[in-house]
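Summary of the model geometry
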Amino acid sequence: MPKILVTGGAGYIGSITIHHLMRRGFEVVVVDDLSRGHRENVNPSQLTVARLQDTDAVTKVLAGVDAVVHFAAYIAVGESVRKPELYFSNNVGGTVSLFEAMARAGVNKLVFSSTAAVYGNPERVPIPEDARFDPVSPYGESKAMVEKILESLDRNHSIAGSAFRYVALRYFNACGAEPDAGLGERHEPETHLIPLLFRAAVSGKPIQIFGSDYPTPDGTCTRDYIHVGDLAAAHVAALDHLLAGGASHCFNVGTGKGYTVMEVLRATEQVTGLKVPFEMALRRDGDAAELVADAAKLRSTLAWKPERSDLHAILTDAWNYFQKHPA
Ligand code: UFG
């Protein structure tokens, strides 16, 4: 079976994708600097603790590797506005060093974690892949920059002088958990809606709802929530495509259906059986009113479809995980 390097494998989506890759029989090695991930998410025998900027260390790990799945990045939109230099140095600088290491090791296939944040405030929804890039945060800009570099590497055959091929997956709102593997969402500080709804339900301390005057059915923002297991399956499909000699692509990964914040809150009350206290607050900087994917291209090109992204299924898995791993 092919050997895969997963960068950022100690994080939320990375660790769950490793679980899916291993179930399929891939050999997996991991590079993570553990600055945001959790050591216990990765089997110690697979893990090299290193920064991607350490090109020599990454080159060593790439020996015998057939393809890379690249998650390692900082992801907090608000932090990126306060510390843009950190986001460009880690997300762009780290990735460029990874490309240099891949060139040295002769590895020329990569699946990249991109984001719906590359679109900013979209002109139309659902958002197709050819929508204009107009990121509104340094986080989104850092991902858009890497996509630009990927395009150039593909066009110029520039990894180890041979064809470089990639798949960029633009995630919408990743959520849910992988109960079988004991893996789920755990950021510190937490900024994501679903874990914060659980914290409010359990603590009785109200969650702030950021904005109630958006042009949506109930005035709160609409998002496309995608189960992390479906997201992991999209990575496996992208790898299969590249390993079979497939061409480079960018795909949205979402369901095509949006829910407002209040709809997610009410569904959380149903799944947990608890009241979720909330208070209406001002809009959060950088939030778009509505982000929903047109995911037709991924469905038709890689025969992928969401199978676990029903909102109740997402919340049930996330709640099971949350109860076992309270903050
Ligand atoms: N929200 C609240 N209160 C909170 C937290 C969130 O009202 O305490 C709202 C947000 O305003 C937003 C929705 O819940 O409308 C979802 O917010 P998240 O922070 O969970 O997720 P985002 O939509 O902001 O961002 C996520 C990822 C980004 C990615 C984006 C793409 O974190 O990395 O999805 O859709 F770029």
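Residues numbered from 1 in each chain as written. Predicted model: local features only at pLDDT ≥ 70, side-chain atom pairs only at ≥ 80, totals over all residues. Heavy atoms only, no water.

**A closer look at the domain arrangement of the chain**
Here the chain is described as being made up of domain 1 (3-174 + 226-253) and domain 2 (177-224 + 256-324). For domain 1 and domain 2, the distance between their C-alpha centres works out to 23 Å. Across the domain 1/domain 2 interface, buried area totals approximately 3,000 Å², and carbon plus sulfur atoms make up 62% of it. Salt-bridge contacts for Glu40 lead to Arg186; the nearest nitrogen and oxygen are separated by 3.3 Å. Every element with two or more residues in the side of domain 1 that touches domain 2 is listed here: α1 (12-23), β7 (173-175), β10 (225-227), α7 (228-243) and β11 (249-253). (Domains from an automatic or database assignment. Buried area = accessible area lost by both parts, 1.4 Å probe. Salt bridge = Lys/Arg side-chain N within 4 Å of Asp/Glu carboxyl O. Helix = DSSP H or I, 4+ residues; strand = E, 2+ residues; numbered from the N terminus.)

**A word on the packing of aromatic side chains**
Working definition: an aromatic ring pair is given by the centre-to-centre distance plus the angle between the planes. Considering all chains together, one arrives at 7 aromatic pairs under this definition. Between Phe164 and Tyr166 the ring centres are 6.3 Å apart and the planes differ by 20 degrees, which places this aromatic pair in the stacked class. In terms of burial, Phe164 and Tyr166 fall into one category: buried. Centroid distance Phe198 to Trp319: 5.1 Å. Interplanar angle 50 degrees. Geometry classified as tilted. Pair noted here: Phe198 is in helix α6 (residues 193-203) and Trp319 is in helix α10 (residues 311-324), with a separation of 121 residues, a long-range link. Accessibility classification places Phe198 together with Trp319 in one group, the buried group. (Phe/Tyr/Trp six-rings, centres within 6.5 Å; stacked < 30°, edge-to-face > 60°. Buried < 20%, exposed > 50% of the residue type's maximum accessible area, 1.4 Å probe, protein only.)

**What to know about the sheet that holds strand β4 (residues 67-70)**
Taken in spatial order, the 7 strands line up as β3-β2-β1-β4-β5-β6-β11 in an open sheet, and their pairing is parallel. The open sheet terminates on both sides in strands that have one partner only, identified here as β3 (47-49) and β11. Averaged over neighbouring strand pairs, the angle between their axes works out to 20 degrees when direction is ignored. As paired strands, strand β1 (residues 3-7) and strand β2 (residues 27-32) are joined by 5 bridges and run parallel to one another. Opposite Lys3, over in β2, you have Glu27 as the bridge partner. (Pairing = 2+ DSSP bridges. Axes fitted to C-alpha atoms, helices over the stretch in contact; angles between N-to-C directions.)

**Regarding the nonpolar core**
Membership of the largest hydrophobic core comes to 64 residues, with the highest contact counts inside it found for Leu169 and Ile194. The leading source of residues in this core is α7, at 9 residues. Of the residues that make up this core, three or more belong to each of domain 1 (3-174 + 226-253) and domain 2 (177-224 + 256-324). Apart from residues no more than four positions distant in its own chain, Leu169 is found in contact with Val111, Phe112, Ser113, Ser114, Thr115, Ala234, His235, Ala238, Phe251 and Val253. Membership of the second largest hydrophobic core comes to 27 residues, among which are Leu5, Val61, Val68 and Ile159. (Core = buried A, V, L, I, M, F, W, Y, C linked by side-chain atoms within 4.5 Å. Contact = heavy atoms within 4.5 Å.)

**Overview of the packing of helix α4 (residues 84-105) against helix α5 (residues 138-155)**
The description of two packed helices rests on the angle between their axes and on the distance between the axes. Direction vectors running N to C along α4 and α5 enclose 20 degrees, while the axes themselves pass 9 Å from each other. Of the possible angle classes, the one that applies to α4 and α5 is roughly parallel. The interaxial crossing formed by α4 with α5 has right-handed handedness. Where α4 abuts α5, its residues Pro84, Tyr87, Phe88, Asn91, Val92, Thr95, Val96 and Phe99 lie against Pro138, Tyr139, Glu141, Ser142, Met145, Val146, Ile149, Leu150 and Leu153. Its residues assigned to classes, the contact of α4 with α5 comprises 13 nonpolar, 3 polar and 1 charged. (Parallel < 35°, antiparallel > 145°, perpendicular 65-115°, else oblique. Left-handed = near helix turned anticlockwise from the far one by under 90°. Nonpolar A, V, L, I, M, F, W, Y, C, P; charged D, E, K, R; others polar.)

**With respect to the site of the ligand**
Around the ligand sit 21 residues, and of these Thr115, Gln208, Arg223, Arg284 and Asp287 come closest. Residue Arg284 places a side-chain N or O atom 2.7 Å away from an oxygen atom belonging to the ligand. Computed on the free molecule, the ligand has an accessible area of 690 Å², of which 91% lies beneath the protein chains in the complex. Put simply, the parts of the chain that give the shell around the ligand at least two residues each are α6 and β8 (207-210). Take the shell around the ligand: its biggest share by element is 4 residues, from β8. Here the shell around the ligand spans two domains, since at least three of its residues come from each of domain 1 (3-174 + 226-253) and domain 2 (177-224 + 256-324). (Near = heavy atom within 4 Å. Polar contact = N/O pair within 3.5 Å; in protein donor to acceptor, adjacent residues only side chain to side chain. Areas by Shrake-Rupley, 256 points an atom, 1.4 Å probe, with all protein chains shown as cover.)

**Notes on the environment of Asn91**
Along the polypeptide, Asn91 turns up in helix α4. Judged by relative accessible area, Asn91 falls into the buried class, the value being 2%. Measuring from C-alpha to C-alpha, the distance between Asn91 and Glu185 comes to 20 Å, with 94 residues separating the pair along the chain. Ignoring sequence-local partners within four residues, the contact set of Asn91 consists of Ala73, Tyr74, Leu86, Tyr139, Ser142 and Val146. A distance of 3.3 Å separates polar atoms of two side chains, one belonging to Asn91 and the other to Asn90.

**Some thoughts on the sheet that holds strand β14 (residues 290-291)**
Strand order in the open sheet formed by 3 strands is β12-β9-β14, with mixed pairing between adjacent strands. The open sheet has two edge strands, β12 (259-260) and β14, and neither has a second partner. Here strand β9 (residues 222-223) pairs with β12 via 2 bridges, running antiparallel. Among the inter-strand pairings, Thr222 is bridged to a residue of β12, identified as Thr260.

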